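Each chain is listed here by its residues.
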Amino acid sequence: MKSRGRRSAQFGNLVAAHLLPTFTLVVGVVAVGAGLLFYSAHQQNSVAQNAGRHLAQTAISVVTEEIEAFVRDYAYWDATAENLIVDYNPDWADENVGSWVIEGLEMSGALVFGAENRVINAADFHDADRFREAGQLRKSLVALITHARDASRSGDDMPPAVTGVFRDGYGTHLAAAAVIRWEDGTDGPLDGSEPGVLLFYRTIDETMLANLEARFLLNAPRLVLNDPGGGMVPLRSVDGRVLAGLAWQSETPGTDMLKNLAFPLLASVVVMSFLVGIIVVRAMHSARQVRIYQADLEAQTRKLRAAWSEAENANRSKSRFLAMMSHELRTPLNAVIGFSDFMRQAPQEVMTYDRVRGYAEDIHTSGTYLLALINDILDMSKIESNRYELYEEEIDLDPILDQSTALVRGMAKERGVRLTVPPTGKRLRVDARALKQILLNLLSNAVKFSDSGGIVRVDLTVQDGMVRIAVTDTGIGMAPAEIDKALTPFGQAKDAHIRNMDGTGLGLNIAKSLAILHGGDLELRSAPGKGTTVTILLPESRLIGTPADAVSAA
């Protein structure tokens with residue numbers, strides 16, 4: 001009996017001596033693993049929350065920039081100054097800064113203020129009459145008007161619009177305001193003793209919140225009016241006061257991961273209590289799963305950030321393109337309408353043949369320019385949708401060069417630019433219309449961006465298995481960042497409004513795309529103040545009757 005008791009005690013001591021350290025080790029490993037897992041979950045939740053905050057800030061910034069771009073485009077328009085300040089035209093105001101702004105630009109309203117914040121014109125999706133009394137304007141709205149006028153005194157030709165938030169009985173609104181000026185950058189007309197101010201705004205309502213959720217993948221955004229503190233993006237008036245906040249439903253990937261792993265971890269703990277080997281396997285498996293989940297989350301976060309950046313760039317490009325096209329189309333249309341209307345209404349005795357012919361030439365020039373704009377856009381659309389077909393034939397290059405040069409010779413003479421196009425004596429198998437369009441685009445760009453006394457030259461060489469047609473100018477040149485922009489659809493290396501240059505910004509893109517369709521490419525070399533060389537590369541196989549060794553045609 002005693003020996004059996006001693007053996008039992010020895011067995012118990014043996015078990016305790018071997019299992020207790022193992023159990024302690026298992027508990028320690030489990031505790032450390034659990035701690036690391038909870039820490040990882042907390043970090044993932046924190047990353048997701050910060051990503052949501054950045055996304056909300058980006059959404060508000062993009063919408064605000066859209067409003068700012070639209071109000072600048074309308075505020076720096078001669079027609080706005082003439083019809084709202086110089087001689088108020090209610091029909092024009094209702095059509096251009098009323099129904100079109102609300103329906104076409106998807107704004108909630110547009111306001112025009114004169115001296116002492118007098119409301120000259122008001123358009124609102126709900127009720128425009130609430131703005132009629134200047135003394136009834138909210139403090140945040142008056143601050144926007146005041147800051148816009150202060151910004152116009154900075155000395156800039158085109159001062160930026162001011163942005164901010166204002167609230168009234170109809171909700172919280174994102175707004176941008178700018179002083180009305182002439183298109184040439186001079187001060188606009190005064191209403192009494194003060195310049196007029198144009199203000200566009202969008203109401204942060206259910207429709208706008210749903211739009212933010214769809215465009216920016218922001219989870220359940222909502223507007224918070226009371227105590228907009230942490231966990232949301234503050235919406236501030238132009239003078240810095242917090243009027244509201246944009247909140248959202250934060251993602252909790254770490255917590256979701258813990259919920260998904262709760263049962264496997266519990267089962268692992270039970271099994272590891274008896275089998276050390278399984279404990280190790282389960283622990284390593286759990287650690288690998290954590291790393292996989294974290295890597296997946298980080299990859300998704302990078303993709304989201306890339307998507308946000310792409311969305312921001314797309315919105316900026318769209319806004320720039322719309323602003324540019326509004327100016328590009330408006331000018332020739334106004335010329336066509338104005339000259340034709342004068343011809344229609346003027347007395348017969350003042351309409352001499354020379355005057356009629358001059359007006360007809362102006363109308364024809366404006367119409368031709370409009371057609372060129374539309375053709376550029378349609379050609380780019382056909383190229384991008386793979387619907388542009390080449391009709392190849394054997395042609396002499398020199399007549400194509402002569403025809404292309406003839407089309408830009410008038411512009412070159414007007415700008416004082418000398419064209420140098422030596423004969424090449426070469427024949428090519430290409431689409432003649434496409435090659436002519438390439439050369440015309442490159443020559444017109446070279447002339448357009450060259451100053452008086454500049455030289456534009458065309459050279460042909462055969463080198464490294466490629467026919468190289470180079471158009472070189474001595475113009476203003478471009479920096480590396482401007483080269484990238486010039487090769488972007490709708491991009492222009494220099495601001496077309498500042499330099500008074502026309503065009504959609506598609507010329508280089510169309511030329512490059514047509515060269516690629518011929519199996520070639522386009523190269524662009526430039527430096528500020530040193531001119532630009534654009535080279536069209538075509539396979540040497542398209543050269544008719546010339547050996548492959550390099551021969552200069554200049």
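Residues numbered from 1 in each chain as written. Predicted model: local features only at pLDDT ≥ 70, side-chain atom pairs only at ≥ 80, totals over all residues. Heavy atoms only, no water.

Comments concerning the overall build of the chain
Move 1: Of regular secondary structure, the chain possesses 13 helices and 17 strands.
Move 2: Residue burial in the chain is summarised as follows: out of 554 residues, 43% are buried.
Move 3: The long-range fraction of contacts in the chain, counting pairs at least 24 apart against all pairs at least 6 apart in sequence, stands at 69%.
Move 4: When the accessible surface of the chain is split by element, carbon and sulfur atoms take 55% of a total near 29,300 Å². (Helix = DSSP H or I, 4+ residues; strand = E, 2+ residues; numbered from the N terminus. Buried < 20%, exposed > 50% of the residue type's maximum accessible area, 1.4 Å probe, protein only. Contact = heavy atoms within 4.5 Å. Areas by Shrake-Rupley, 256 points an atom, 1.4 Å probe, with all protein chains shown as cover.)

Some details on the confidence of the model for the chain
Move 1: When pLDDT is averaged along the chain, the result is 79; 76% of the residues meet or exceed 70.
Move 2: The low-confidence segment residues 493-501, where pLDDT is below 50, has 19 contacts with residues more than four positions distant or belonging to other chains. (pLDDT = per-residue confidence, 0-100.)

With respect to the nonpolar core
Move 1: Of all hydrophobic cores here, the largest spans 51 residues; its most connected members are Leu-174, Leu-198 and Phe-200.
Move 2: Examining the composition of this core, we find that 12 residues originate from one element, helix H1 (residues 2-75), more than from any other.
Move 3: Val-458, Leu-460, Ala-486 and Leu-524 belong to the second largest nonpolar core, which has 42 residues in total. (Core = buried A, V, L, I, M, F, W, Y, C linked by side-chain atoms within 4.5 Å.)

A few points about unusual backbone geometry
Move 1: In the Ramachandran plot, Glu-116 falls in the positive-phi region, its phi being about 55° despite a non-glycine side chain.
Move 2: Looking at the element boundaries, Glu-116 is found in the loop between strand E1 (109-113) and strand E2 (119-124).
Move 3: The phi angle at Ala-220 is positive, at roughly 50°, despite the residue not being glycine.
Move 4: Structurally, the position occupied by Ala-220 is in the loop between helix H5 (206-216) and strand E8 (222-224).

What about the pattern of salt bridges?
Move 1: The tally for this structure, following the rule as stated, stands at 12 salt bridges.
Move 2: One salt bridge in this structure joins Glu-394 and Arg-427, with 3.5 Å as the shortest N-O distance. Here the residue Glu-394 occupies a position in strand E11 (residues 392-396), and Arg-427 occupies one in strand E13 (residues 427-431), the gap between them amounting to 33 residues.
Move 3: You can call Glu-394 partly exposed: its relative accessible area is 47%.
Move 4: Residue Arg-457 is joined to Asp-459 by a salt bridge in which the shortest nitrogen-to-oxygen separation is 2.8 Å. (Salt bridge = Lys/Arg side-chain N within 4 Å of Asp/Glu carboxyl O.)

Observations concerning the sheet that holds E8
Move 1: Taken in spatial order, the three strands make up an open sheet running E8-E10-E9, and their pairing is antiparallel. Both outer strands of the open sheet, E8 and strand E9 (233-236), are each paired with one neighbouring strand and no more. Pairs of neighbouring strands in the sheet enclose a mean axial angle of 30°, with direction left out of account.
Move 2: In terms of strand pairing, E8 meets strand E10 (residues 242-247) through three bridges, oriented antiparallel. Bridge pairing in E10 links Val-224 to Gly-245. (Pairing = 2+ DSSP bridges. Axes fitted to C-alpha atoms, helices over the stretch in contact; angles between N-to-C directions.)

Points about empty space enclosed by the protein
Move 1: Counted according to the given criterion, the structure contains one cavity of 30 Å³ or more.
Move 2: Counted as a void, the largest cavity has a volume near 30 Å³.
Move 3: Contributing to the lining of the largest cavity are Tyr-76, Ala-148, Ala-151, Ser-152, Pro-159, Pro-160, Ala-177, Ala-178 and Val-179.
Move 4: In terms of residue class, the lining of the largest cavity is made up of eight nonpolar, one polar and no charged. (1 Å grid on protein atoms, 1.4 Å probe; cavity = no way out; pocket = protein on both sides within 12 Å on 5 of 7 lines; lining within 4 Å. Points joined across faces, edges and corners; volume = space filled by probe spheres on them. Nonpolar A, V, L, I, M, F, W, Y, C, P; charged D, E, K, R; others polar.)

What about the packing of helix H2 (residues 78-86) against helix H3 (residues 90-104)?
Move 1: Interhelical geometry of H2 versus H3 gives an angle of 135° and a closest axis separation of 9 Å. Relative to H3, the element H2 is oriented oblique. For the pair H2 and H3, the crossing hand works out as left-handed. Residues Ala-79, Thr-80, Asn-83 and Leu-84 of H2 pack against Trp-92, Ala-93 and Val-97 of H3. (Parallel < 35°, antiparallel > 145°, perpendicular 65-115°, else oblique. Left-handed = near helix turned anticlockwise from the far one by under 90°.)

Remarks on the side chain of Ser-152
Move 1: With respect to the helices and strands, Ser-152 occurs in helix H4 (residues 139-152).
Move 2: Ser-152 sits in the buried class, given a relative accessible area of 14%.
Move 3: Among the polar contacts listed, one links the side chain of Ser-152 to the backbone oxygen of Arg-149, at a separation of 2.6 Å.
Move 4: Beyond its immediate chain neighbours, meaning those up to four positions away, Ser-152 contacts Pro-159, Val-179 and Arg-181. (Polar contact = N/O pair within 3.5 Å; in protein donor to acceptor, adjacent residues only side chain to side chain.)

Focus: the packing of aromatic side chains
The way to describe two aromatic rings as a pair is by their centre distance and the angle between their planes.
Move 1: The full count for this structure, using the stated rule, is four aromatic pairs.
Move 2: Their ring planes at 55° and their centres at 5.6 Å tell us that Trp-77 and Trp-92 sit as a pair that is tilted. Here Trp-77 is found in the loop between H1 and H2, whereas its partner Trp-92 is found in helix H3, with 15 residues between them in sequence. With respect to burial, Trp-77 and Trp-92 carry one shared label: buried. (Phe/Tyr/Trp six-rings, centres within 6.5 Å; stacked < 30°, edge-to-face > 60°.)

Thoughts on a nonpolar patch on the surface
Move 1: A cluster of nonpolar side chains, Leu-266, Val-270 and Val-271, forms an exposed patch at the surface whose accessible area comes to about 240 Å².
Move 2: Within the secondary structure layout, Val-271 lies in helix H6 (residues 253-272).
Move 3: With a relative accessible area of 30%, Val-271 lands in the partly exposed category. (Patch = residues over 30% accessible without salt bridge, like charges linked within 9 Å, V, L, I, M, F, W, Y side chains within 5 Å.)

Here we look at the sheet that holds E2
Within a beta sheet, neighbouring strands are joined by backbone hydrogen bonds and run either parallel or antiparallel to one another.
Move 1: Strand order across the open sheet formed by five strands is E2-E1-E7-E4-E3, with antiparallel pairing between neighbours. Across the chains shown, the open sheet's two edge strands, defined by having one partner strand only, are E2 and strand E3 (162-168). The mean inter-strand angle of the sheet, taken between neighbouring strand axes irrespective of direction, is 20°.
Move 2: Here E1 runs beside E2; their pairing, made up of five bridges, is antiparallel. Bridge pairing in E2 links Gly-109 to Asp-124.
Move 3: Against the sheet, H3 touches E1, E2 and strand E7 (197-203), its axis set at about 30° to E2.
Move 4: Together, E1, E3, strand E4 (171-179) and E7 form the strand contacts of H4, whose direction differs from that of E3 by roughly 165°.

Observations concerning helix H9 (residues 397-415)
Move 1: The end-to-end C-alpha distance of H9, which contains 19 residues, comes to 26 Å, matching closely the 27 Å that a straight helix rising 1.5 Å per residue would cover.
Move 2: Of all the bends in H9, the largest measures some 45° and sits at Val-408.
Move 3: Residues of H9 that are buried sit in contact with E11, strand E12 (418-420), E13, helix H10 (432-448), strand E14 (455-463) and strand E15 (466-473).
Move 4: Downstream of H9 by a residue or two, Gly-416 has a phi angle that is positive, lying close to 75°. (Expected span 1.5 Å × (residues − 1). Bend = angle between axes of the 7 residues up to and from the residue.)

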